[in-house]
Amino acid sequence: MILPLSAQEGDGYGFLNIANLIPGDTPCKISIGGEELVSDGLKAGTYTGWFMVKTGSKKIEIKRGELDPASGSMQFVEGLGNLVAIYLEPDPRVKPDGKPYPPKIRIKSFPTFDSKGYGLRFVSLCPGENRFQIGNLKLDPKQFDPVKIPSWSGRGFEISRNGSSIGRVTGSSESGAFYLLVGSDQNGFHSSVLVSSNAQEVPEYLKPDKKKPKPGSPVWKSPNPEP
């Protein structure tokens, strides 16, 4: 799904796809440049699909329940995609009563990639050292580092973390580039999603006209010259 976001700056368009890896029933409220992206919020283990966003720097804000909102800025470049994962980062501090502070909402961007046929990269957003099993393949990935999954044919598979099953991917009937993202919370619950990472193309009618001079340029003439 590709939709232009209004009230943005810039002549061209970049792309954005956001996945929510925070477990639980509470959706994430997302705004880009002050505009709400999903009216009902984004549920755990789902993604927005690809949206077109005007080029330039845009403020992004994520809210979820009583957690402190996360905010920052993203740079959108003509024709380039931004795949963004929302996840939780534990707060190492402890309150005077011995209880831990609530976790922090964080976002992490991953580049799109091209793939002939099926292509899959696995990314763990879970803290600490972990051993994952994707089908029959055992992995010891570093947090945030994409790991190529060889010989994936689009079939579904089981996901395990440290010997315990945490979910299952149903697979994809369409070939292309995909990320498998996995996140967790402070209570040991998990969320995972298989999300498309295919490079996106700006429609011709929305591409900036490079040959058309702009007002103020030496060759620009007023469409209504004085007599």
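Before reading further, recall that the structure is shown in the block above.
Everything quoted here is computed from the prediction, not taken from an experiment. (Residues numbered from 1 in each chain as written. Predicted model: local features only at pLDDT ≥ 70, side-chain atom pairs only at ≥ 80, totals over all residues. Heavy atoms only, no water.)

**Thoughts on the packing of aromatic side chains**
No. 1: For the structure on display, the rule yields six aromatic pairs.
No. 2: Linked through ring pairs, Phe-110, Phe-113 and Tyr-179 together constitute an aromatic cluster.
No. 3: Positioned over the ring face of Phe-113 is Arg-121, at 3.9 Å from the centre of the ring. (Phe/Tyr/Trp six-rings, centres within 6.5 Å; stacked < 30°, edge-to-face > 60°. Lys NZ or Arg CZ within 6 Å of the ring centre and 35° of its normal.)

**Digging into the pattern of salt bridges**
No. 1: A full pass over the atoms with the stated rule returns six salt bridges.
No. 2: A salt bridge links Arg-93 to Asp-91; its shortest N-O distance comes to 2.9 Å.
No. 3: In this structure, Asp-140 engages Arg-131 in a salt bridge whose closest nitrogen and oxygen atoms are separated by 2.9 Å. (Salt bridge = Lys/Arg side-chain N within 4 Å of Asp/Glu carboxyl O.)

**Structural notes on the sheet that holds strand 7 (residues 81-89)**
No. 1: Reading across from one edge, 4-1-7-8 is the order of the four strands in this open sheet, with mixed pairing throughout. Because the sheet does not close on itself, it has two edges, and the strands there are strand 4 (51-54) and strand 8 (104-110). Within this sheet the neighbouring strands show an average axis-to-axis angle of 35 degrees, counted without direction.
No. 2: Where strand 1 (residues 13-20) meets strand 4, four bridges bridge the pair, whose relative direction is antiparallel. From the neighbouring strand, Gly-14 faces strand 4, where its bridge partner is Val-53. (Pairing = 2+ DSSP bridges. Helix = DSSP H or I, 4+ residues; strand = E, 2+ residues; numbered from the N terminus. Axes fitted to C-alpha atoms, helices over the stretch in contact; angles between N-to-C directions.)

**Re the side chain of Asn-20**
No. 1: With respect to the secondary-structure elements, Asn-20 resides in strand 1.
No. 2: When its relative accessible area of 0% is taken as the criterion, Asn-20 is described as buried.
No. 3: A distance of 2.9 Å separates the side chain of Asn-20 from the backbone nitrogen of Ile-22, its partner in a polar contact.
No. 4: A polar side-chain atom of Asn-20 sits 2.9 Å from the main-chain carbonyl oxygen of Leu-42.
No. 5: Not counting residues within four places of it along the chain, the set of residues in contact with Asn-20 comprises Cys-28, Leu-42, Lys-43, Ala-44, Gly-45, Thr-46, Ile-86 and Ser-191. (Buried < 20%, exposed > 50% of the residue type's maximum accessible area, 1.4 Å probe, protein only. Polar contact = N/O pair within 3.5 Å; in protein donor to acceptor, adjacent residues only side chain to side chain. Contact = heavy atoms within 4.5 Å.)

**Side note on the pairing of strand 5 (residues 56-63)**
No. 1: Two elements, strand 2 (residues 29-32) and strand 5, share four bridges in a ladder whose sense is antiparallel. Paired with Ser-31 across the bridge in strand 5 is Glu-61.
No. 2: Pairing geometry for strand 5 and strand 6 (residues 70-76), over seven bridges, is antiparallel. Note that in strand 6 the partner of Lys-59 across the bridge is Ser-73.
No. 3: Hairpin remark: strand 5 followed by strand 6, antiparallel, with six residues in the connecting loop; positive phi at Gly-65, about 55 degrees.

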